[in-house]
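Chain and residue survey
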Number of protein chains: 2
Amino acid sequence: MPDYKAPLRDIQFVMHEVLDAEEHYKVLRGNDDVNRELVDAIIEEGAKFCQNELAPINRSGDEEGCGFEDGVVTTPAGFKEAYQKYVEGGWPSLAAPEDQGGQGLPNSIGIVMSEMMGTANWSWGMYPGLSHGALKTLEEHGTDEQKETYLKPLISGEWTGTMCLTEPHCGTDLGILRTKAEPNADGSYAITGTKIFISAGDHDFVDNIVHIVLARLPDAPKGTKGISLFIVPKVNVNDDGSLADRNGVVCGSIEHKMGIKASATCVMNFEGAKGYLIGPPNRGLNCMFTFMNTARVGTALQGLAASEGSFQGALTYAKERLAMRALSGPKAPEKEADPIIVHPDVRRMLLTQKAFAEGGRAMAYYLAQHSDIVEQGSDEEARKASDEMMAFLTPIAKAFMTETGLEAANNGVQVFGGHGFIREWGMEQIVRDTRIATLYEGTTGVQALDLLGRKVMLTQGRLLKLFTKEVHKFCVQNEGNEAIKDLVDTLASYNKDWGDLTTQIGMKAMQNQEEIGAASVDYLMYSGYVCFAYFWALMAKVAQQKLDEGAGEEGFYKAKLQTARFYFKRLLPRAKMHAECIAGGLDVLMDMEEENFAFYVE
Amino acid sequence: MPDYKAPLRDIQFVMHEVLDAEEHYKVLRGNDDVNRELVDAIIEEGAKFCQNELAPINRSGDEEGCGFEDGVVTTPAGFKEAYQKYVEGGWPSLAAPEDQGGQGLPNSIGIVMSEMMGTANWSWGMYPGLSHGALKTLEEHGTDEQKETYLKPLISGEWTGTMCLTEPHCGTDLGILRTKAEPNADGSYAITGTKIFISAGDHDFVDNIVHIVLARLPDAPKGTKGISLFIVPKVNVNDDGSLADRNGVVCGSIEHKMGIKASATCVMNFEGAKGYLIGPPNRGLNCMFTFMNTARVGTALQGLAASEGSFQGALTYAKERLAMRALSGPKAPEKEADPIIVHPDVRRMLLTQKAFAEGGRAMAYYLAQHSDIVEQGSDEEARKASDEMMAFLTPIAKAFMTETGLEAANNGVQVFGGHGFIREWGMEQIVRDTRIATLYEGTTGVQALDLLGRKVMLTQGRLLKLFTKEVHKFCVQNEGNEAIKDLVDTLASYNKDWGDLTTQIGMKAMQNQEEIGAASVDYLMYSGYVCFAYFWALMAKVAQQKLDEGAGEEGFYKAKLQTARFYFKRLLPRAKMHAECIAGGLDVLMDMEEENFAFYVE
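Residues numbered from 1 in each chain as written. Chains lettered and ligands numbered in written order. Predicted model: local features only at pLDDT ≥ 70, side-chain atom pairs only at ≥ 80, totals over all residues. Heavy atoms only, no water.

1. Considerations on the interface of chain B and chain A
We count it as follows: Contacts between residues were defined by any pair of non-hydrogen atoms, one from each residue, lying within 4.5 Å. Here the buried area means the combined drop in accessible surface, using a 1.4 Å probe, for two parts upon being joined, counting both sides. Whenever Lys or Arg places a side-chain nitrogen within 4 Å of a carboxyl oxygen from Asp or Glu, that contact is recorded as a salt bridge. Two N or O atoms form a polar contact when they lie within 3.5 Å of each other; inside protein one atom must be a possible hydrogen donor and the other a possible acceptor, and for residues adjacent in sequence the pair counts only when both atoms belong to side chains. Per the convention used, a helix needs a DSSP run of H or I reaching at least four residues, while a strand needs a run of E reaching at least two, with both numbered from the N terminus. Under the grouping applied here, Gly and all other residues not named as nonpolar or charged are polar, the nonpolar ones being Ala, Val, Leu, Ile, Met, Phe, Trp, Tyr, Cys and Pro and the charged ones Asp, Glu, Lys and Arg.
Opposite the 110 residues of chain B that make contact, chain A presents 108 residues. In this assembly, chain B packs against chain A so that about 9,500 Å² is buried in total across both faces, 62% of it on carbon and sulfur atoms. Of all residues in chain B, the largest losses of buried area upon contact with chain A belong to F421, R570 and F597 of chain B, amounting jointly to 10% of the total for that side. On inspection of chain B and its partner chain A, the count reaches six salt bridges. Residue D522 of chain A is joined to R570 of chain B by a salt bridge in which the shortest nitrogen-to-oxygen separation is 2.9 Å. Connecting chain B to chain A are 42 residue pairs in polar contact (both at pLDDT 80 or more). The element that contributes the greatest number of residues to the side of chain B that touches chain A is helix α17 (residues 554–571) of chain B, accounting for nine residues. Partitioned by chemical class, the residues of the side of chain B that touches chain A number 51 nonpolar, 26 polar and 33 charged.

Structure, rendered in structure tokens:
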């Protein structure tokens, strides 16, 4: 399998040189003293953990998968031990609030750790990752007592958490969920229903699991406005915090999946399980919106992980594998054939992976800085602006980074030729693991509707302008920058077209709402390509500056500029194609009668 | 898992209404009397076999996979029995020559059976499919004695065959292969070496397996001009045709793969195995070219199979699964939500699958008619023209149909949402099985170099013109056809641009050969989209004609026109994007120094 090497140099470049992390920390409450030295030390330590503990059990975890017997899930060899080391290292509490026993560091540091864990071993990372949703919900909506009982052990890593949303008949459409919550005499609720696709729903890492469960109160209105949120512990908790008897929730089975096989995906049966209302009744979905952006950015990281991981594997192979001679003549005449990295098309695949990985890293870290400001920003107006920027960019990051991550992973297989299809090389595992990323936490189609319908159309383009103005400002500031003029001019043109395209769709949608659905995925992909163009232009600007300053590391900075130009010339044109597909319109999608899609002779 | 229903109506449409099969058979030696009734009866019988025998063991075959112990491969439950029925039904000999015990029917009938087998169960189909390569080699290059001994049992299905090309260090670059053939005293050769990725290299269907092996004679020149072809039977054969002792070839292990798990992919160890030279010494690769087109079209069918199979599964699910309401208001108010087929983006995914499946079927059957003419055509000039058309279109069909098949398969998963990732639904299996299709029989990159380098540039565009002229002729003939004017005009424009694009690349390549590699995959994809546009225009024309004639089946013909328009409006714009990526040029691929692709802190 491909070794994982944490891309520390690139991480530092994005955090410090492009996004000026130290300056950023200064506006964060309680973190204005965080400095580069501390951050780099944490990340280096994290890199060691990911490289030494997580990467080595990635392939074996896939082969072994999870076990299930009599309602009990077992994880693959080494998974539990790695979790113990993770807890001992204090990693679960990194970005958790200090008053709950956390270290209170910014999310933007936590996200780097998440990226590295995810690239080294996505399946493993899902266990602590899922705790995050439960933790955030408790942090924002729990009573002091609930926090004391459930939040602290989540932060310490002593327990883990889950989010129980999906049911067999509904995932996207939570408005039709059926799980019931009936009041008990003691103020608690009896939760009854079946939840599916519950990641980390059961496992052997810890003694207790805190489920956050969506269910309906007896008198709840129909639809999304009748859903409430409940805490349902796997094991009931005594007043002193010690564990009592098993609660009425049990894992009914685990799914057999295409990938992330070492992550237990559970059917959870709630049979009158004791639950505690969290947040106001019937406002469960609203409570969840507060952390949904974080969860989606977390999934976007799976795309980044796939791009980075498959790039590392393919690059190593492309330098070693010998096949054919370069069309312009032998490049390694002393060998029986040239290493395949000499071939332009192999380079096209590698550079695509690289552009997606590094562009995605910039976008993810940029978003994480905004989430820092939302949570810890000292300026109220800045917090609001960052919140809106998050709202706009999150569906793009989630869908675009996972779609491109899947493409990068497939490129990884392709560079290996037939060997890419063989399990022992580890490249096909990345494709299988990553395939879930465009599905869970809202499919690409759901993200696209969220972007175009809710974030863009409902705000009459206000959120879009928030971002395009930033891009515009960058372009204006750099219009005299001759060295990167080609990039800046192109970016400015796409940025302008983005607005025009939006107006065109808006006009059509006034006639027929369905136009939004017809345009949505192409619109999201267009948006993604332009966002990445912005982040690549930002990075190119910094790289050019460093070269001009004679800062050293010429190869590194030149490669940044070269990758930016590759992106602009050979990937960004896809945005125009998406715009043209949007112009193709709605009718060609809707004209066909449902019964005419296929004619089979029975 | 999705049921397989043979798309008989569409098969008939393409064969008879679009490609006028009966008229086509009239120019084939020995087959001028084949009529529609006979053909349809054969295909209907074949459909039953695929639906009833192959489809039911597709999922179980994937779960069980192949077994391996002490050099012996076992296939999953039901596989051997299905093969026996296949042989009893006389299917192996369908398109084999009559003088060798075959039925002598045209390839264009055999390809329909291959499509149906492949869609029902690709892994199973590989066992008889691989015989084809061995069979064709023996048919064209074997001596009478070799044919008598090895060809006849292959045609009857009593034995199966393999093609042993790849070695651990080389696949694409066969010029560096190392397997040795040393002369024995009796005129046979001792074959020694290791071959990998040998599909059907060992299994339990039959008593003997005929390996066609690439190896080097002791005095052979280096490179591709020193490779010879040998027949190596698993079990030696006595003069009377009965089986003698085991030959020195044994399966060393089977690969653990991403997909096609029920197809045994073997490491074959040749340890002084007795082999017989077939064809002239050192001309082995040339001998193989004769059937390589057929093998590649066979792999193109895997793309078609993926598109068709995943479309069938997704369509059924999209009609049943309920989620959300249409943006324009409820479409199934009596249900708790609308079936997801009402949503434009779900339709976009389904129509993409449908356009790829039906477009691919037209292209594959069109190619099969050309291969009929190459093999059985009565007119020498027509044979030559068809041979050249095959040479040009085959790399396009192989790469484009498999790339789009993979996209269609991924759409199938996407329509299912999270359930698409779960094995029991069968949708993810199609992705895993199909992933190999862009790799084996020459990767997409290899096909693209073959197309642009060998077929287009080396002939100064002659082969390209052969096809673009046919497209041009169609456009001219239909320029007055108002009902499909939109399609014809667009096709004519893309067809013209194809020539211009080729000229531009040619000019650049005169400066630097590497430009061909830089443009190749985008050029192939451009070519594929334009080819499909041609086939969709052909189909649209026929459908419009039938509607005008009032031939009945209005829904079927209207759906053809609607799919054609969907294709032109929402998929064909991708061709322009590929052209723009080509314009992005070579430098952005080659500028980066090999050591600057990544910087890891060790």
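2. Describing helix α15 (residues 485–511) of chain B
Residue and element names in this part refer to chain B. Short version of the rule: Expected span of a helix, by definition, is 1.5 Å for each gap between consecutive residues, and there is one gap fewer than residues. The classification of residues rests on relative accessible area computed with a 1.4 Å probe and restricted to protein chains. Under 20% of the type maximum is buried, over 50% is exposed, and intermediate values are partly exposed.
Taking 1.5 Å of rise per residue, 27 residues should cover 39 Å, and α15 covers 40 Å from first to last C-alpha, within 8% of that figure. Here α15 has its buried residues at L487, V488, L491, Y494, N495, W498, L501, T502, I505, G506 and A509. Tucked into the core, α15 has its buried residues touching α11 (380–415), α13 (444–457), α14 (462–477), α16 (514–549), α17 and α18 (573–583).

3. A short note on the relation of the copies chain B and chain A
Quick reminder of the rule: Copies are brought into register by a least-squares superposition over C-alpha atoms of residues with pLDDT of at least 70 in both.
Once chain B has been moved 0.0 Å along the axis and rotated by 180°, it coincides with chain A to within an RMSD of 0.0 Å. One copy is carried onto the other by what is essentially a two-fold rotation axis. Taking C-alpha positions as reference, the residue of chain B nearest the rotation axis is M577 of chain B, located at 2.9 Å. In this assembly, 98% of the residues forming the interface of chain B have copies in chain A that are likewise at the interface, indicating an isologous arrangement.

4. Regarding the domain arrangement of chain A
The accessible area lost on association of the parts is a frequent measure of interface size. All names here are of chain A. Worth spelling out the cut-off: Domain ranges listed in this record stem from an automatic or a database domain assignment.
Once the domains are mapped, chain A shows domain 1 (287–447) and domain 2 (461–589). Computed over C-alpha atoms only, the centres of domain 1 and domain 2 are separated by 18 Å. The interface is formed by 29 residues belonging to domain 1 together with 25 residues belonging to domain 2. Carbon and sulfur atoms supply 79% of the area buried between domain 1 and domain 2, which totals about 2,400 Å² over both sides. Seen at the junction of domain 1 and domain 2, the total is three salt bridges. E388 is paired through a salt bridge with R462; the nearest N and O atoms lie 2.9 Å apart. Between the two partners, domain 1 and domain 2, sit five residue pairs in polar contact (both at pLDDT 80 or more). Counting residues per element, the ones that place at least two in the side of domain 1 that touches domain 2 are α10 (344–376), α11 (380–415) and α13 (444–457). Of all the elements, α11 adds the most residues to the side of domain 1 that touches domain 2, at 14 residues.

5. What to know about the pattern of salt bridges
Enumeration according to the criterion identifies 76 salt bridges over all chains in this entry. Of the charged contacts, one joins R432 of chain A and D62 of chain A as a salt bridge, the two residues approaching to 2.8 Å between their closest N and O atoms. Of this pair, R432 of chain A sits in helix α12 (residues 427–434) while D62 of chain A sits in helix α4 (residues 58–64), and the two are 370 residues apart along the sequence. The salt bridge partner of R59 of chain B is D62 of chain B, with a shortest N-O separation of 3.4 Å. Taken as a pair, R59 of chain B and D62 of chain B lie in helix α4 (residues 58–64) at a separation of three residues, close to a single helical turn.

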